[in-house]
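# Residue-level structural notes
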Amino acid sequence: MTGAELWTTAAVFGPLLASLVALGGRPAALKAGLLLGSVTTLAGSLGLWLQVLQHGPVRHLLGGWGAPLGIELWADGFSVVMLAVTALVGAAVSLYSLSYFGDLSTLDAETSPAGRAARYFVPLWLLLWSALNGIYLSADLFNLYVTLEILGLAAAALVTLAVTPRATVAGMRYLIVSLVGSMLFLLGVALLYTEFGTLALEELSAAAPGGPMAATSLALMTVGMAAKTALFPLHAWLPPAHAGAPAPASALLSAVVVKGSFFILVRLWFAVYGGGSEAGLVLMGGLGAAAILWGSVLALRQRSLKRVIAYSTVAQLGYMFVMFPLLAPEGLGGPDPRWSDDAWIGGILLAVSHALAKASMFMAAGNMSYAVARDGLRDISGVAHRLPMSFLAFGLGGLSLAGLPPSAGFVGKWLLLREALSAGGWFWVAIITVGGLLTIAYVLKVLRHALDREASDGDFRPVPRRMEWAALLLALASASLGVRATEVFQVLLQGGVQPWT
Amino acid sequence: MDVTPLLAWDALPLAVVLSSFVPGVMIMFLKEEQARLRNSLNMAGAVAKVALVGLMLQGVAGGASYEWALEVVPGLSLTLRGDALALLFVTLSAVLWLVTTLYAIAYLEGSANRTRFFAFFSLCVTATTGLAMAGDLFTFVFFYEALTWATYPLVVHKGTPEAIRAGRTYLYYTLGAGAILVVGAVWFQVEAGTVQFAAGGVVDATAVASGPITWAFIFAFLLIGMGVKSALFPIHGWLPTAMVAPAPVSALLHAVAVVKAGAFGITRLLHSLFGIEVAWEMGAAVAVAALAAFTIVYASVRALSQDDLKKVLAFSTVSQLSYIALGVALLDPLAHVGGLIHLVHQGIMKITLFFCAGLIAQTLGVKKISDMGGVARRMPLTMAAFTVGAVGMIGLPPVAGFISKWYLGLGALGAGQPWVIGVLLASSLLNAAYFLPILRTAYFDDPDPSWARGAEGPRPRLEADWRLVLPAVTTAVFSLAAGLLAASSWSPLGWAILIIEQGVL
Amino acid sequence: MTSLDLYVWAGVVVFLLALHAVVTRAHLLWKVLAINLMGTGVFLILLAAPARRDPMVADPLPQGMVLTGIVVAVAATALALGMALRVMARTGSPFLTVDPETEEPDPDAPEPPR
């Protein structure tokens, strides 16, 4: 087995195996599953990172069977960056979930509600992890569909682990949106296969899809994926689902799950369709801009902690779509358009920074409401003095979202701005800047409540240390990417925007 | 101990930055009750910083220069450069951090949330030293924006509605301008192709001539970004409001670190990015000079009508800061010397005044000038220090302020801008008009009943806690020494001349 | 029009009708069934459309995909039905509404002016 084969296998099948282990349901099985999943994905993504950095994109034919009948795993820089950030977030959330549902070793999984939640959470999450890694390593459209479907099913189930009626309804709505999105995607896949007779991304890219059929197919797949990514105006399902889920699930949904469908969108538009159309790119950017403004304004108006963060996800996802038009500053004319490295690195850095920061913030918010047993902004007043580490994590995460140094968000926004300014795109400059200021406003609103002098009376439940550390570690990771991101930069250029030309 | 190997250590600038960052982060994880450990960490960091800066001073005086860089992404690096210009500001903040730390420990004794206070206090100093040594615009903006958010918890430290409001005002101004600064900085990089700071500027005069509108906008964006912290009219409004913060914050941050970051930024903008000749050709420097001159007079007039002592000092800060901008914007090396030394002189004089205001407020509960009657009898040392600061602000010899104004005046003549002399004179008269009544009240009026009653009983041996008095007296002595010993090569004046001679401006 | 074309167009019609039902029908069972029907529409297209190019040679790939798709659809339907039952149990209603009597005030509502 070559290195690439070993690492891709570890990343996809490690968490899958771990999920099976965790199905055992006893506390020891849950712990073993989390450990196995974390170790295999961390190792797999690190190993692949080094491979791709040294040798460029790598390929693994599962069982030695290649296209069209076999399944291929394929990784370039974009894949490994997403794999790695998922592994980091995933490991931290796994650590967090060891304590969130109560002490796993003494938990009675049969009777207590927390025990039931833990018993479902762990295998579902590990299954979700495997599906996400599968998406990042898929080399053909049908694999993407299958992994996407697993991702959607597991994610919707995670939401309903919170037993409130509101969360159950939000989870159901999420499931329906997700399934309809998958169907639209599958229809697009069928049209593409009809037209080009292949599903392998690389061969499709070589066929340079054009014409009405290919355009219809791209439109269908885009609508489907945009619904799953909660791109404005298809975002309405996200805030209740992400805010209603248990804290570790919220962290996963907001930080990494929406990135799965975002990844597919980027791959389709740029790697397969070579940019699609200029008008289409501007449309995507425009929707992203609307998402930034609308999501931020709504985040400012929320009264519950988790809802602020959930609406912030709607807004921050907008930045990743603002990347679309900026990637092709000179338009798509000619057979080989110039892709902007600045927009590419900047956009993906923002996605990475959002994943790290948002997971950290949801976990920190989870700690705060864990301590006061409520979730309203007023209820957390004064909590900063009791939970300084969680407060710090939330603040650092907020810095990253707002694009203030030191954070990956600062570097990412600098690069995006640089592309926008050199292309004379003042609209994008204004959106990026105003979005940053709005972000500061809603982050500060939360911080101010947490800093309030008079601590809320009532019981204060001590928060397990490892839950605080899990949140802080991710926030620190995001901050350190703000002083050193060269490694991410280099690996992202392996393959780049359009890896198959 | 032989320090020669350390003198050649390129990472010295990084060590200087870390000497406050590391204690700051460690303090963040301490419990509120661990006061002794917290204070030790703080003092250790402050002393280490002064020692490291001392090493760098020695090296730079001997002609060495230090550069340390970390690539963030290809094409953008965090670059710290320890040259004579950077050290002028670094030394100021390091020394004043040391004295202010002592002051703050005593000032806040027994109050709430000190862990948070000292952690962010250290982070502020970290950001200040970082931007002082920034070798390029990216690094500068990095630390400049970090300084903005690190200061916020200190402004709202008291947690009162008034403090929260002041904090909001502060953020509106600084973050709004910060966003404009970032756009300006990125735009500069796009147009100039570099973000490096270099003596004489990196902007090509012919490029400016071919796109004057673009460059004017870039300059304006950057000037707004720098100007808000330097409290240039009309974006100075946050500074008097922010005076609700505790005295050590007003002293170090709003007299030295934050506002000097802005003034230093304007210096970098005029000299290291555009180059002063290009800035004059495009008319930008004269705009800065005019704006600064107006701010000087305007803020002095505003100070006249204040009764709150800290507010007077705040408006005086607004006014005095513009001396720096005015000096560096003129096209004459003597004016540059005047601007640069005022960066230091204003810092040590104004911190003295703030220390004294805090002392008086802390000991007697007096915050208003009208209640200050006879304070000098109760607190002679404090008022002596205050007097030194006030005399310096007016610009009378032998205090440091006189030297600044002298060089600014000489420079104005050299640059052929005699109107500046008029501004300096007007400002001196106005300064006298608001400082002298304070002195008269404190020395010659009868003790005000508002504090005299509470101050009965056995008088303490020293007028207040020695940890509060010592910093005030120390900085007053510095202010005197900087004036009296100006001819020494280690005085701020001597160092500013070294900066010009080494050609690093 | 060949019979294959008929299949393709039937698939399109089924897909669109089902999509319409998902959006307009409020009952959860309707929604779940309609999503299934959307899948059926896609499967029809997936089998018939590529075959039009060469009706004499069977292409194994779409058939494999449809088989896989059916398996995925079964799993999705099972989960959706299970979750629909939970919605019934927890809200007492087969629609995506929350009974306002049993819930705290809607956190979506904007903050009242202070």
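A few words now on the overall build of chain C. If you tally the helices and strands in chain C, you get three helices and zero strands. In chain C, the succession of helices and strands from N to C terminus is α-α-α. For chain C, the proportion of its 114 residues judged to be buried stands at 29%. The contacts in chain C between residues at least 6 apart in sequence include a share of 59% that link residues at least 24 apart.

Here we take up the overall build of chain B. Per the secondary structure count, chain B includes 22 helices and two strands. On C-alpha atoms alone, chain B measures out to a radius of gyration of 22 Å, which is about the 23 Å that the 2.2 N^0.38 rule sets for 505 residues. In chain B, which comprises 505 residues, the share counted as buried stands at 62%. Partitioning the intrachain contacts of chain B with sequence separation of at least 6 by distance along the chain shows that 80% fall at a separation of at least 24.

Turning next to the environment of K260 of chain B. All names here are of chain B. Tracing the backbone shows K260 in helix α11 (residues 247-274). Classification of K260 by C-beta neighbours within 10 Å gives buried; the count is 27. Distance in space between the C-alpha atoms of K260 and S93 is 9.5 Å, their sequence separation being 167 residues.

Let's shift gears to the interface of chain B and chain A. Taken residue by residue, the interface counts 23 residues in chain B and 25 residues in chain A. Among the secondary structure elements, those contributing two or more residues to the side of chain B that touches chain A are β1 (66-73), β2 (76-82), α6 (137-155) and α7 (161-192) of chain B. Per-element accounting of the side of chain B that touches chain A gives the leading share, ten residues, to α7 of chain B. Residue classes in the side of chain B that touches chain A are distributed as 18 nonpolar, three polar and two charged.

All right, on to the pairing of strand β2 (residues 72-75) of chain A then. In the case of a regular strand, side chains alternate between the two sheet surfaces. All names here are of chain A. Because side chains alternate across β2, one face comprises the buried residues E72 and W74, and the other comprises L73 and A75, equally buried. In this sheet, β2 lies alongside strand β1 (residues 58-61) in antiparallel orientation, the contact comprising four bridges. Opposite H60, over in β2, you have L73 as the bridge partner.

Now for the nonpolar core. Among the nonpolar cores identified, the biggest contains 457 residues, and L158 of chain A together with L88 of chain B are the most heavily contacted of them. In terms of residues, this core owes the most to one element, helix α13 (residues 341-372) of chain A, which gives 21 residues. Aside from chain neighbours lying at most four places away, what touches L88 of chain B is L340, L343, V344, W495, A496 and I499 of chain B.

Counting contacts across all two pairs of chains that touch, the top-ranked interface belongs to chains A and C. Contact between chain B and chain C is absent, and the least distance between their C-alpha atoms amounts to 15 Å.

Moving on to the confidence of the model for chain C. Per-residue confidence for chain C gives a mean pLDDT of 83, with 84% of residues at or over 70. Here residues 107-114 of chain C is modelled with pLDDT under 50, and outside its nearest four sequence neighbours on either side it reaches six contacts, counting other chains as well.

All right, on to the interface of chain A and chain C then. On the side of chain C, 35 residues touch chain A, which itself brings 30 residues to the contact. Elements represented by at least two residues in the side of chain A that touches chain C include exactly α5 (141-159) and α6 (165-196) of chain A. Ranked by residues supplied to the side of chain A that touches chain C, first place goes to α6 of chain A with 17 residues. For the side of chain A that touches chain C, the per-class residue count stands at 18 nonpolar, six polar and six charged.

Residue and element names in this part refer to chain B. Across its 17 residues, helix α2 (residues 12-28) extends 25 Å between first and last C-alpha, which sits within 8% of the 24 Å expected from 1.5 Å per residue. The element α2 is extensively covered by neighbouring structure, given that twelve of its 17 residues are classed as buried. What α2 keeps buried is the set L12, P13, L14, A15, V16, V17, L18, S19, S20, P23, G24 and I27. Contacts made by the buried residues of α2 are with α3 (35-61), β1, β2, α4 (84-107) and α5 (114-132).

So, about the environment of M88 of chain C. Residues and elements named next belong to chain C. Within the secondary structure, M88 is located in helix α3 (residues 60-91). When the 15 C-beta atoms within 10 Å are taken as the criterion, M88 is described as partly exposed. Note: C-alpha distance between M88 and V14 (74 residues apart in sequence) is 28 Å.

For residues besides glycine, phi is generally negative; the peptide bonds are generally trans as well. Each neighbour pair has its own omega, and for F233 of chain B with P234 of chain B the value is 0°, a cis peptide bond. Looking at the element boundaries, P234 of chain B is found in the loop between α9 (212-229) and α10 (238-241). Look at the link from P397 of chain B to P398 of chain B: it is a cis peptide, with omega at 10°. Inspection of the secondary structure assignment puts P398 of chain B in the loop between α17 (380-394) and α18 (400-414). Non-glycine residue A373 of chain A carries a positive phi angle of around 60°. As for its placement among the helices and strands, A373 of chain A is situated in the loop between α13 and α14 (383-386). For A231 of chain B, which is not glycine, the phi torsion reads 60° and is therefore positive. Note on A231 of chain B: 29 C-beta atoms within 10 Å, which makes it buried.

Another aspect to go through is the environment of F410 of chain A. Residues and elements named next belong to chain A. Position of F410 among the secondary structure elements: in helix α16 (residues 408-422). Residue F410 is classed as buried on the basis of its 29 C-beta neighbours within 10 Å. Taking the C-alpha atoms as reference points, F410 and V372, separated by 38 residues in sequence, lie 33 Å from one another. Setting aside its immediate chain neighbours within four residues, F410 contacts G403, L404, P405 and G482.

So, about the packing of α11 of chain B against helix α15 (residues 333-364) of chain B. Residue and element names in this part refer to chain B. It is at 7 Å that the axes of α11 and α15 come closest, and there the two elements cross at 160°. One way to sum up the angle between α11 and α15 is to call them roughly antiparallel. As α11 runs across α15, the sense of the crossing is right-handed. Contact residues: A247, P248, S250, A251, L252, A255, V256, K260, A263 and F264 in α11; L343, G347, K350, I351, F354, F355, A357, G358 and A361 in α15. Residue composition of the contact of α11 with α15, grouped by class: 14 nonpolar, three polar and two charged.

Residues and elements named next belong to chain B. At a minimum axis separation of 8 Å, α4 and helix α21 (residues 466-484) run at an interaxial angle of 155°. Taken together, α4 and α21 sit at an angle that is classed as roughly antiparallel. As α4 packs across α21, the resulting crossing turns out to be left-handed. Two secondary-structure elements touch here, α4 through V99, T100, L102, Y103, I105, A106 and Y107 and α21 through R467, L468, L470, P471, T474 and T475. Residue composition of the contact of α4 with α21, by class: nine nonpolar, three polar and one charged.

The terminal C-alpha atoms of α7 of chain B lie 45 Å apart, and with 32 residues this matches the ideal 46 Å at 1.5 Å per residue to within 8%. Among the residues trailing α7 of chain B, G193 of chain B stands out with phi positive, at a value near 80°.

Thresholds, definitions, all that
Residues numbered from 1 in each chain as written. Chains lettered and ligands numbered in written order. Predicted model: local features only at pLDDT ≥ 70, side-chain atom pairs only at ≥ 80, totals over all residues. Helix = DSSP H or I, 4+ residues; strand = E, 2+ residues; numbered from the N terminus. Buried ≥ 20, exposed ≤ 12 C-beta atoms within 10 Å, placed from the backbone. Contact = placed C-beta atoms within 7 Å. Rg over C-alpha atoms; globule rule 2.2 N^0.38 Å. Nonpolar A, V, L, I, M, F, W, Y, C, P; charged D, E, K, R; others polar. Pairing = 2+ DSSP bridges. Core = buried A, V, L, I, M, F, W, Y, C linked by C-beta atoms within 7 Å. pLDDT = per-residue confidence, 0-100. Expected span 1.5 Å × (residues − 1). Axes fitted to C-alpha atoms, helices over the stretch in contact; angles between N-to-C directions. Parallel < 35°, antiparallel > 145°, perpendicular 65-115°, else oblique. Left-handed = near helix turned anticlockwise from the far one by under 90°.

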